[in-house]
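Structure assessment
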Amino acid sequence: MDARANDVAAPARKDGAVEPLTLYYLVFVFAVCSLLGLIAETVVSYFADGRWESRAGFVWGPFSPIYGVGAVLVTLALHRFERAPLIVVYAESAVIGGAFEYFAAWFWESAFGIVAWSYIDQPFNVGGKTCLGIALVWGFAGLAWVKFAAPVLRHASNAVPAKWRQPIAWAALAFFLADAAVTIGALDCWMARIAGEQPHGFYQEFFAAHYGDSFMQTRFETMSIHPQLVTLRG
């Protein structure tokens, strides 16, 4: 049997080289994984907690960017290792996933006082922000990504006519950047209000009017807010 038959995940060109990544494909990966990640987490949390909860990570749209960013990072990191031995792919995915989760938890906590998850009760945890067990899960996720998900997504992304890919990529990127900026602003002002600060100035008054406490509590109902944890603001 030809050994190349097992390399179903490698996006090889006719000359055998790995197909280069494009902005369109990375934006496509982010969008799809942000959406599917939100759906999966919502369903899993329903069976775990017995009720439907909002798991959105952006103020606009059904997206959880933690999954989208994670998928993009794994794609960038493992793109040239897609033909490497499985143990190499696994180890790289475990390290990247664990490090990314730690950084994301640190950022949300330090910038906004948000504790989105905690592994403090898990063995071999690092400040409660990640742990060995979840890093091992990231390893398996990376394997599944390289061997199964990436080829499917690449095939799906190619369904869009080539002439439309660049415009779609830039339009979607602009939307996600705007969504991220508005989300950060809304969270920043919400945290200030939770800390007892009255809205003042155009910035805070705008977000208080359009993204008030009721909206934010419903949109981000699973987040725990602790303003005293913020260290990145003066």
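**Concerning helix 4 (residues 132–157)**
- Residue Trp-145 marks the point of greatest curvature in helix 4, where the axis turns by about 50°.
- Looking at helix 4, one finds that the buried residues are Ile-134, Ala-135, Gly-139, Gly-142, Leu-143, Trp-145, Val-146, Lys-147, Ala-150, Leu-153, Arg-154 and Ser-157.
- In this structure, the buried side of helix 4 is in contact with helix 1 (23–49), helix 2 (65–78), helix 3 (86–112), strand 3 (130–131) and helix 5 (162–194).

**Observations concerning the packing of aromatic side chains**
- What the rule picks out here adds up to 15 aromatic pairs.
- With a centroid separation of 4.9 Å and an interplanar angle of 70°, the aromatic rings of Tyr-90 and Phe-140 are classed as edge-to-face. Separated by 50 residues along the polypeptide, Tyr-90 in helix 3 and Phe-140 in helix 4 bring together distant segments of the chain.
- With a relative accessible area of 16%, Tyr-90 lands in the buried category.
- When the centroid spacing of 5.6 Å and the interplanar angle of 65° are considered together, the rings of Phe-107 and Trp-108 count as edge-to-face.
- Accessibility expressed as a relative area gives 28% for Phe-107, which makes it partly exposed.
- An aromatic cluster of three or more residues is present, and its members are Phe-202, Tyr-203, Phe-206, Phe-207, Tyr-211 and Phe-215.
- Above the plane of the ring of Tyr-25 lies Arg-154, whose end atom (NZ or CZ) is 4.4 Å from the centre.

**Observations concerning the confidence of the model for the chain**
- Of all residues in the chain, 88% attain a pLDDT of 70 or more, and the chain-wide mean is 85.
- Averaged over each element, pLDDT in the chain is lowest for strand 4 (residues 224–225) (69) and highest for helix 6 (residues 201–210) (96).
- Note on residues 1–12: pLDDT is under 50 here. Beyond four places in sequence and across chains, it has 19 contacts.

**Quick word on the packing of helix 2 against helix 3**
- Contact geometry of helix 2 with helix 3 gives a least axis separation of 10 Å together with a crossing angle of 140°. Crossing of helix 2 against helix 3: the hand is right-handed. The residues of helix 3 that touch helix 2, namely those facing Ile-66, Val-69, Gly-70, Leu-73, Ala-77 and Leu-78, are Val-89, Glu-92, Ser-93, Ile-96, Phe-100 and Ala-104.

**What to know about the side chain of Ser-64**
- Secondary-structure assignment places Ser-64 in the loop between helix 1 and helix 2.
- On the accessibility criterion, Ser-64 (4% relative accessible area) is buried.
- Setting aside residues no more than four positions away along its own chain, Ser-64 makes contact with Ser-34, Leu-38, Glu-41, Arg-55 and Gly-57.

**A word on the nonpolar core**
- Counting 23 residues, the largest nonpolar core has Val-29, Cys-33, Val-89, Trp-145 and Leu-153 as the members making the most contacts within it.
- For this core, the secondary-structure elements that each account for two or more residues are helix 1, helix 2, helix 3, helix 4 and helix 5.
- Element by element, the count of residues in this core is highest for helix 1, at seven residues.
- In terms of nonpolar packing, the next biggest core, distinct from the first, is built from 15 residues, Val-59, Ala-111, Val-182 and Cys-189 among them.

Cut-offs applied
- Residues numbered from 1 in each chain as written.
- Predicted model: local features only at pLDDT ≥ 70, side-chain atom pairs only at ≥ 80, totals over all residues.
- Heavy atoms only, no water.
- Bend = angle between axes of the 7 residues up to and from the residue.
- Helix = DSSP H or I, 4+ residues; strand = E, 2+ residues; numbered from the N terminus.
- Buried < 20%, exposed > 50% of the residue type's maximum accessible area, 1.4 Å probe, protein only.
- Contact = heavy atoms within 4.5 Å.
- Phe/Tyr/Trp six-rings, centres within 6.5 Å; stacked < 30°, edge-to-face > 60°.
- Lys NZ or Arg CZ within 6 Å of the ring centre and 35° of its normal.
- pLDDT = per-residue confidence, 0-100.
- Axes fitted to C-alpha atoms, helices over the stretch in contact; angles between N-to-C directions.
- Left-handed = near helix turned anticlockwise from the far one by under 90°.
- Core = buried A, V, L, I, M, F, W, Y, C linked by side-chain atoms within 4.5 Å.

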